[in-house]
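# Residue-level structural notes
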Amino acid sequence: MLMAENRTIPHARQELRWLIQKFGSNNSATLFRACLERNRHVPLQYILGSQPFGMLDIKCKEGVLIPRWETEEWCLNLTDSIKRSKLINSGASNWKIMDLCTGSGCIPLTMINETKNLFSNQTRLYVDALDYSPIAIDLSKLNFKTNFDNKVALSQNFNVSFNIQKCNILNEPEIIQYLGKYKEKRKINILTCNPPYIPHHEFIKDVRSSVRMYEPKLALIGNLEFYKNLNDLWVGKNLIDSFVYEIGTLEQALYVQNNLPSSWISGITLDSNNKARCIFGYNKEANIDYSKIFNHFKQTAKVYASIANSDVTK
Amino acid sequence: MLVRGCGLRGIPTKLPAIRLLPRWYKRFYSENNNSTVLSDDDTLHKNELPLVLIKKAEEYSKEFIDLEKRLTKGENFNVDDQKRFAKCSSVAETLKTYEESLSELRELEEMINMDPSLKDDAAKEIAIKTPRFNELSSSLLGKLLPVHPFADKPCLVELRPGVGGIEAMIFAQDLASMYMNYAHIHRWKHHIISQQVNESGSGILSAVISIDQPGAYDRLRLEAGVHRVQRIPATETKGRTHTSTAAVVVLPQLGDDSEKTADAYERTFKPDEIRIDFKRASGKGGQHVNTTDSAVRLTHFPSGIVISMQDERSQHKNKAKAFTLLRARLAEKEQQEKEAAGIAARKEQVNSTDRSDKIRTYNYPQNRITDHRCGFTIHDIPGVMAGDKLDDIIDATRTYDTEQKAKNLIVD
Ligand SMILES: C[S@@+](CC[C@H](N)C(=O)[O-])C[C@H]1O[C@@H](n2cnc3c(N)ncnc32)[C@H](O)[C@@H]1O
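First, a word on scope: everything that follows refers to the structure included in this document.

Conventions adopted
Residues numbered from 1 in each chain as written. Chains lettered and ligands numbered in written order. Predicted model: local features only at pLDDT ≥ 70, side-chain atom pairs only at ≥ 80, totals over all residues. Heavy atoms only, no water. Helix = DSSP H or I, 4+ residues; strand = E, 2+ residues; numbered from the N terminus. Buried < 20%, exposed > 50% of the residue type's maximum accessible area, 1.4 Å probe, protein only. Contact = heavy atoms within 4.5 Å. Areas by Shrake-Rupley, 256 points an atom, 1.4 Å probe, with all protein chains shown as cover. Salt bridge = Lys/Arg side-chain N within 4 Å of Asp/Glu carboxyl O. Near = heavy atom within 4 Å. Polar contact = N/O pair within 3.5 Å; in protein donor to acceptor, adjacent residues only side chain to side chain. Nonpolar A, V, L, I, M, F, W, Y, C, P; charged D, E, K, R; others polar. Axes fitted to C-alpha atoms, helices over the stretch in contact; angles between N-to-C directions. Parallel < 35°, antiparallel > 145°, perpendicular 65-115°, else oblique. Left-handed = near helix turned anticlockwise from the far one by under 90°. Phe/Tyr/Trp six-rings, centres within 6.5 Å; stacked < 30°, edge-to-face > 60°. Lys NZ or Arg CZ within 6 Å of the ring centre and 35° of its normal. Buried area = accessible area lost by both parts, 1.4 Å probe. Pairing = 2+ DSSP bridges. Expected span 1.5 Å × (residues − 1). Arc of directions from axis to C-beta. Core = buried A, V, L, I, M, F, W, Y, C linked by side-chain atoms within 4.5 Å.

### Considerations on the overall build of chain B
- Helix and strand content of chain B: 11 helices and 11 strands.
- Burial analysis of chain B (412 residues in total) assigns 50% to the buried set.
- Within chain B, counting contacts between residues at least 6 apart in sequence, those at least 24 apart form 65% of the total.
- With the model as given, the accessible surface of chain B reaches about 19,900 Å², and the carbon-plus-sulfur share is 52%.

Shown next, in the form of C-alpha cells:
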C-alpha cells in the first residue's frame, strides 16, 4: 500500500516504521487509514503532522507548503554564516530580519532559534514574517508557539521579537504602508524568501503528484513576479542591506543578477543535490560588512555541492 | 571509599559499588604468597600485594621525593611535571598508609603467636583492622594499574548478527535487550541510536544503543567480542540445537549525540578527510517534490570507516548520529592501536581476547552461560538476559582482566 509513494521496499518499510511510531501498531484502524491516505499520495508530513527542520519540529497542515530539505540546508548555512561573521556581537545596533512568503514559518523560526543567543541587552533582533495565506499565518503562529512557548518567554530570556503579518507582497502600497507603521524606520539587514517558483508549464510535467494534488498552488506556482518585486521594491527602494532568495530555475537568479545596481554584490549557490538553489546579494556600501556573512555562505554551499556527487544517489 | 573500591582504578565513578573487595585478590594473591592468615571469612582475609607491585610503588615514592626536592629548590613545574607529581605523591601516600596498616596487622599476628593469652583481643583487633587494610590495598593497586583513557565515558553498544542466519539475528536482538535491561536496572539513561530490524522475519540486522552513564564504557568494554548461542530454534521440528553467533562492539562515547556536539565535531575534520553523501532523488527537487529523503552516509577516508544512518526523519539528526558513531569508532581504533603497540613492545601475546574468538557461550538447553576468557559459569540465563545477573559475569571478566593487567605490570 505504501509503495505508491515509495519507490523502493526499504523506503516503504522506513515509512511504515514512522507511521507506527506515530499511531502505534495496536490502533490498527488509524494506522490503516494513514496507509490508505499514503496510497492516495497524501504527503507523509500531512499525515504525521510535522517535518523536522533544523533543530525545530515544524507542524504541517494541508493548505501550507511542507518545508523542504533544500530550504533547511541554506537556512542553516545562513544562520551559521551569521554566527561566524561575529557582526552581531561587535556592532551595538539592532538587527532586523524579514521573511517573505513565510508559509509554515520554518525560515524565520530557525533564524531566531539559531541566533537568539547572540542578542543581549544592547542589541535586539526583530524578525518579521509575511504571507498572504490566512492558513499559513495561523500555522506559523502555531509553530512559533510550539517551538518557543510564547512571545513573553522569548523576549524575557532573549532580546528577540517576532511578528507575523498577513500581507500581499506583490502589492507595493500595502508593503510600504506596513513598513511605515514601524516607529523605528530602520533598514532590513537580511531579507529572506522562498517564493512560489514553479513556472506554469512545469507544473504538470515536473511536479510529483503528491505535491500537485495536496500542496497549495498559491505556494508553488510563480515565476519572475517575486524576483522582480525584489529588484524593484526591496532593492530598488533601498529597504534592505542584503537578501537570500530560494530559486527553482537559473533564469530566476539571472534575472535578479542582471537587474541589481552596481553597488550590489551577488552570487548563486548550489544545494547538495547540485541544483542551483539560492540567489544572495548584499549592498557593499552598507554600514555593515556583509561579505563577512556571505563569503562563508558561498563557500559552505560550494562544499555541499562538491560532496554531492554521490553514488548513494541512485 | 566505597566508590573507590568499585572503581578499582581509582576513578571516582557514579557507578554503584559492585563489590568492595574483588574476589580475584585471594586467587591472585595466593599464587604469589602463601603466608596469609587463612580464614573462612572473606573480610578477614588480608589482601597483601605481591612484592613486585610494592617495588613499583616504592619507585613512585622515590620519584616523589626527588620531585619534591626540585620543587623546594624553586623549580617551575610544567603541566606534565605537575601531573607526574600529583600521581607520585598519591601513590607514595597510599603506600605509606598501606605499610603502616600492614605492620600493625603483622604485629597483632605476632602477638598471637607469642602470647596466646592475648589471642582473643588480638583477633578482635585484626577483625577490625583487616577491612581497612584491604581497602588500602585495593586503592594502591588501583593507583598502580594504568587507567583506561576512556574509563569515565558513557558508551555505545553495537550489535550485529554473525553466523547462523535468522537465529543469529534473534540472538543479536536478545543481546540488545539484555544490555538495555542491564542499563534499566542500574537506572542508567539509555536510548537506541539506530536499529535495523529483519523485516522478513524476526531479529535485527544491526542495532546501536547509547548508554549515557559516565563510566558505562569501563563497565561494559569487556563485553566486546563474539557471543555464541546454542539453542533449539522455535522453527526446528527435529529438536536439534543450533549454534549461532552475534558480535558485540563497545565504543567509548566522547560527546552526546546532539546536533550541536556533532556539528562541532564535524568541524574538526578537514574537508578532504570526510565525505557526506545524502540520499537524494534525481529530478528538480525544491518545491517540485516533498519526499522524506533523510538518509546520510559518512565516509572517513583515512580510516576507511563508512557509516550509514537513516532512522530519523531529520537529516540533521541522522548526520549527528553518524558523526557520534564515527567518533566512537575512531577513538576505539586509536586506543586499540595504542594497546597493540604496547603489547608489541612487551613482546607478549595477545591473551585470549583475540577479536575473532568467541568470548562467551549461552547454552539454553543447559540454562548455562560460560565466559571463555575467565572460565566463569552461571546457571541462570533468564536472570542474565533480564539484566539482573549480568553483573556477576561482568565482575568475573573484570577480575580476570585486572589480574592480567597486574601480571603485565609485574612482567614490566
Ligand atoms: C514556497 S512557499 C514557502 C513557504 C515557506 N517559506 C517554506 O520555505 O517552506 C510560498 C509561500 O508564499 C505565499 N504567497 C504566495 N503568494 C503570495 C503573495 N502574493 N504575498 C504573500 N505571500 C504569498 C504562499 O502562501 C506560501 O506560503
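### A look at the pattern of salt bridges
- Scanning the entire structure with this criterion turns up 38 salt bridges over all chains.
- A salt bridge links E236(B) to R240(B); the nearest nitrogen and oxygen atoms lie 3.3 Å apart.
- R240(B) sits in the partly exposed class, given a relative accessible area of 47%.
- What emerges from the salt-bridge pattern is a single network uniting E202(A), K205(A), D206(A) and K284(B).

### Observations regarding the site of the ligand
- Surveying the vicinity of the ligand reveals 21 residues, the closest of which are C101(A), D131(A), N168(A), N194(A) and A219(A).
- This site is not confined to one chain, since residues near the ligand come from chains A and B.
- Within the contact set of the ligand, a nitrogen atom lies 3.1 Å away from a backbone nitrogen or oxygen of I169(A).
- In isolation the ligand has 590 Å² of accessible area, and contact with the protein removes 97% of it.
- Its residues placed into classes, the shell around the ligand shows 13 nonpolar, seven polar and one charged.

### Regarding the packing of helix α1 (residues 9–23) of chain A against helix α2 (residues 28–39) of chain A
Residues and elements named next belong to chain A.
- Across the interface, α1 lies against α2 with an axial gap of 10 Å and an inter-helix angle of 140 degrees. On the basis of the axis angle, α1 is oblique to α2. As for how α1 packs across α2, the hand of that crossing is right-handed. On α2, the residues touching E15, L16, L19, I20 and F23 of α1 are T30, L31, A34, C35 and R38.

### What to know about the packing of aromatic side chains
- By the definition in use, this model includes 17 aromatic pairs over all chains.
- Summarising the aromatic geometry, the rings of F150(B) and Y217(B) are spaced 6.3 Å apart at their centres and angled 75 degrees between planes, so their arrangement reads as edge-to-face. One end of the pair, F150(B), is in the loop between α5 (119–144) and β1 (155–161); the other, Y217(B), is in helix α7 (residues 216–220), and 67 residues separate them in sequence.
- In this structure F150(B) comes out as buried when scored by relative accessible area, which is 15%.
- A cation over a ring is seen here: K116(A) above F158(A), with NZ or CZ 5.4 Å from the ring centre.

### A few points about the interface of chain A and chain B
- Taken together, the 48 residues of chain A in the interface contact 30 residues of chain B.
- Here chain A packs against chain B, burying approximately 3,700 Å² in sum over the two surfaces, 50% of which is carbon and sulfur.
- Applying the counting rule to chain A against chain B returns two salt bridges.
- In this assembly, chain A and chain B are joined by 18 residue pairs in polar contact (both at pLDDT 80 or more).
- Contributions of two or more residues to the side of chain A that touches chain B are made by α1, α3 (44–48), β1 (50–53), α4 (69–85), α10 (200–206), α11 (209–214) and α12 (217–220) of chain A.
- In terms of residue count, the dominant contributor to the side of chain A that touches chain B is α4(A) (seven residues).
- Counted by class, the side of chain A that touches chain B contains 20 nonpolar, 12 polar and 16 charged residues.

### Observations concerning the side chain of N290(B)
- Tracing the sequence through the fold places N290(B) in the loop between β6 (274–278) and β7 (296–300).
- In this structure the side chain of N290(B) is engaged in a polar contact, spanning 3.2 Å, whose partner is the side chain of S210(A).
- Residue contacts for N290(B): discarding those within four places in its chain leaves P43(A), Q45(A), I66(A), R68(A), S210(A), V211(A) and E215(A).

### Observations regarding the sheet that holds strand β9 (residues 358–363) of chain B
All names here are of chain B.
- Taken in spatial order, the eight strands make up an open sheet running β2-β3-β1-β5-β4-β9-β10-β11, and their pairing is mixed. Edge positions in the sheet fall to β2 (190–197) and β11 (376–378), since each of these pairs with one other strand and no more. On average, adjacent strands in this sheet sit at an angle of 15 degrees to one another, irrespective of strand direction.
- In terms of strand pairing, strand β4 (residues 225–231) meets β9 through five bridges, oriented parallel. Bridge pairing in β9 links R228 to T361.
- Packed on one face of the sheet, helix α6 (residues 165–185) meets β1, β2, β3 (204–211), β4, β5 (242–252) and β9 and runs near 45 degrees to β5.

### A closer look at the side chain of T300(A)
- Tracing the backbone shows T300(A) in helix α15 (residues 291–306).
- By relative accessible area, T300(A) is classed as buried at 18%.

### Quick look at the sheet that holds strand β6 (residues 188–193) of chain A
Residue and element names in this part refer to chain A.
- If you trace the seven strands from one edge of the open sheet to the other, you get β5-β4-β3-β6-β7-β9-β8, paired in mixed fashion. With one partner strand each, in any of the chains shown, β5 (160–166) and β8 (264–270) form the two edges of the open sheet. Direction aside, neighbouring strands of the sheet carry axes that sit 15 degrees apart on average.
- Strand direction decides the pairing type here: β8 and strand β9 (residues 276–283), joined by seven bridges, are antiparallel. When the sheet's bridge partners are listed, I265 is paired in β9 with Y282.
- Packing of helix α7 (residues 134–148) onto the sheet brings it into contact with β4 (125–131) and β5, and relative to β5 it is tilted by some 160 degrees.
- This element, helix α13 (residues 225–235), spans β3 (95–100), β6, β7 (240–246) and β8 of the sheet and lies at about 175 degrees to β7.

### Overview of helix α3 (residues 51–72) of chain B
All names here are of chain B.
- In this model α3 runs 31 Å from its N-terminal to its C-terminal C-alpha over 22 residues, within 8% of the 32 Å that 1.5 Å per residue would give.
- Within the span of α3, buried status applies to L53, I54, A57, Y60, S61, F64 and L67. Down the axis of α3, the smallest arc covering the buried residues is 135 degrees, so these residues share one side. Of the exposed residues in α3, the ones pointing more than 90 degrees away from its buried face are L51, E59, K62 and K69.
- Positive backbone phi, approximately 90 degrees, marks G74, located one or two places after α3.

### A closer look at the nonpolar core
- Grouped together as the largest cluster of nonpolar side chains are 39 residues, with contacts concentrated most on L78(A), W95(A), I293(A) and F294(A).
- No other element matches helix α6 (residues 106–115) of chain A, which puts five residues into this core.
- Other than its neighbours up to four places away in sequence, L78(A) contacts M111(A), I190(A), T192(A), V244(A), I293(A), F294(A) and F297(A).
- Core analysis: the second largest hydrophobic core is formed by 38 residues, L175(B), Y179(B), M180(B) and Y182(B) among them.

### Description of the pairing of β7(A)
Residues and elements named next belong to chain A.
- When you tally the buried positions in β7, you get seven out of seven residues, the bulk of the element.
- Where β6 meets β7, five bridges bridge the pair, whose relative direction is parallel. The residue of β7 that forms the bridge with I190 is S242.
- Bridge count between β7 and β9: five bridges; the pairing is antiparallel. Directly across from Y245, in β9, lies its bridge partner I279.

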